[in-house]
Amino acid sequence: MPSISSTSDLELVEAIKADDQKAYRALFDRYYKYLLVTAYAYVKDDNTIRDLTQDVFFEIWKKRNSLNIRNVKAYLRRSVINKALNHIKAQRMNFEDSNETFDVPDRARVQEELEASQLQKVINEAIEKLPERCRIIFVMRRMEELSLKEIATKLEISPKTVENQLTKAIKILRTAVEPYVSGGLFILLIFGVF
């Protein structure tokens with residue numbers, strides 16, 4: 001193998017597959033800061049982005065024997081973005097759990113909460129099943145409340161593509177939620193809950 005600094009990303013991955021720790025360290029050194037910056041665009045906490053980034057590299061090492069990567073930078077970027085989005089989702093769920101009340105609720109309220117919980121589960125599952133690009137754009141728009149232009153800039157795509165992906169996401173979500181709510185309530189759910 002040529003010197004580590006002149007080795008291509010794909011050559012590093014091949015060396016990592018052969019348990020080469022120097023190649024692994026070189027890949028880490030090459031992309032660690034880039035992934036920190038990428039993760040920070042989603043999660044504004046230094047400790048968390050370090051953890052997410054290190055998790056990405058840990059998984060690379062753990063799965064080294066079965067790696068099948070064509071574009072290393074894109075793979076690492078997508079991995080850290082997915083980890084960041086999953087972290088946001090987990091934080092959101094933790095926040096919702098911490099708002100529980102401990103009084104004894106009446107039957108009607110229990111039924112409403114059960115239905116709302118089931119509906120939220122359906123929505124969350126539908127979001128998870130969105131095509132990856134749709135899901136990322138939808139989460140950035142609805143949960144992070146970014147503008148179309150901000151999303152386009154962060155993802156390096158056109159605002160029209162962002163708009164098209166949002167439209168696609170909303171159509172998919174509407175279809176998933178339709179059996180549970182009327183059309184007007186769907187609009188409130190998507191624009192109110194998220």
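Quick note: structure is the one above.
The following paragraphs examine the structure supplied in this document. (Residues numbered from 1 in each chain as written. Predicted model: local features only at pLDDT ≥ 70, side-chain atom pairs only at ≥ 80, totals over all residues. Heavy atoms only, no water.)

1. Side note on the pattern of salt bridges
Phase 1: Tallying each qualifying case throughout the model produces nine salt bridges.
Phase 2: Taking the shortest distance from any N to any O, the salt bridge between arginine 30 and aspartate 9 comes out at 2.6 Å. Linking arginine 30 in helix 2 (residues 21-40) with aspartate 9 in helix 1 (residues 9-17), this pair joins segments that are 21 residues apart in sequence.
Phase 3: Its salt-bridge partner being glutamate 14, residue lysine 17 comes within 3.5 Å of it at the nearest N-O pair. Of this pair, lysine 17 and glutamate 14 both sit in helix 1, three residues apart, which is roughly one turn of that helix.
Phase 4: Owing to a relative accessible area of 27%, lysine 17 belongs among the partly exposed residues under this scheme.
Phase 5: Given a relative accessible area of 49%, glutamate 14 falls into the partly exposed group.
Phase 6: Through salt bridges with shared partners, one network takes in Glu59, Lys63 and Lys83. (Salt bridge = Lys/Arg side-chain N within 4 Å of Asp/Glu carboxyl O. Helix = DSSP H or I, 4+ residues; strand = E, 2+ residues; numbered from the N terminus. Buried < 20%, exposed > 50% of the residue type's maximum accessible area, 1.4 Å probe, protein only.)

2. Things to note about the packing of helix 6 (residues 132-142) against helix 8 (residues 159-177)
The relative placement of two packed helices is expressed as an angle between their axes plus a distance between the axes.
Phase 1: Put simply, helix 6 and helix 8 touch, their axes get as near as 9 Å, and they point 95° apart. As summarised for this structure, helix 6 and helix 8 are arranged roughly perpendicular, according to the angle between their axes. Residues Arg133, Cys134, Ile137, Phe138, Arg141 and Arg142 of helix 6 form the contact with helix 8, whose own contacting residues are Thr161, Val162, Gln165, Leu166, Lys168, Ala169, Ile170 and Leu173. (Axes fitted to C-alpha atoms, helices over the stretch in contact; angles between N-to-C directions. Parallel < 35°, antiparallel > 145°, perpendicular 65-115°, else oblique. Contact = heavy atoms within 4.5 Å.)

3. Points about empty space enclosed by the protein
Phase 1: Summed over all chains, the structure comprises two cavities of 30 Å³ or more.
Phase 2: Each pocket or cavity is described by its volume, and for the largest cavity that value is around 110 Å³.
Phase 3: Taken together, Leu85, Asn86, Ile88, Lys89, Arg92, Asn124, Ile127, Glu128, Arg135, Val139 and Met143 make up the full set of residues lining the largest cavity.
Phase 4: At the level of secondary structure, the elements contributing two or more residues to the lining of the largest cavity comprise helix 4 (72-98), helix 5 (107-129) and helix 6. (1 Å grid on protein atoms, 1.4 Å probe; cavity = no way out; pocket = protein on both sides within 12 Å on 5 of 7 lines; lining within 4 Å. Points joined across faces, edges and corners; volume = space filled by probe spheres on them.)

4. Focus: the nonpolar core
Phase 1: Counting residues in hydrophobic clusters, the biggest one holds 54 residues, and the most contacted among them are Tyr42, Phe57, Phe138 and Leu155.
Phase 2: Of all the secondary-structure elements, those providing two or more residues to this core are helix 1, helix 2, helix 3 (46-62), helix 4, helix 5, helix 6, helix 7 (148-155) and helix 8.
Phase 3: At ten residues, the largest contribution of residues to this core is made by helix 2.
Phase 4: Excluding anything up to four places from it in sequence, leucine 155 contacts Tyr42, Arg77, Ile136, Ile137 and Met140. (Core = buried A, V, L, I, M, F, W, Y, C linked by side-chain atoms within 4.5 Å.)

5. A word on the layout of surface pockets
Phase 1: In this model, the second largest pocket occupies a volume close to 210 Å³.
Phase 2: Residue lining of the second largest pocket: Tyr34, Val37, Thr38, Ala41, Tyr42, Arg77, Lys154, Leu155 and Glu156, and that is the complete set.
Phase 3: For the lining of the second largest pocket, the secondary-structure elements that each account for two or more residues are helix 2 and helix 7.
Phase 4: Counting residues per element, the lining of the second largest pocket draws most heavily on helix 2, which supplies three residues.
Phase 5: Split by residue class, the lining of the second largest pocket holds five nonpolar, one polar and three charged. (Nonpolar A, V, L, I, M, F, W, Y, C, P; charged D, E, K, R; others polar.)

6. Brief notes about unusual backbone geometry
Phase 1: Even without being a glycine, aspartate 19 presents a positive backbone phi close to 65°.
Phase 2: Mapping aspartate 19 onto the fold places it in the loop between helix 1 and helix 2.
Phase 3: Even without a glycine there, the phi angle at glutamate 156 is positive, about 60°.
Phase 4: Mapped onto the fold, glutamate 156 is located in the loop between helix 7 and helix 8.
Phase 5: On the basis of relative accessibility, which here comes to 70%, the residue glutamate 156 falls in the exposed class.

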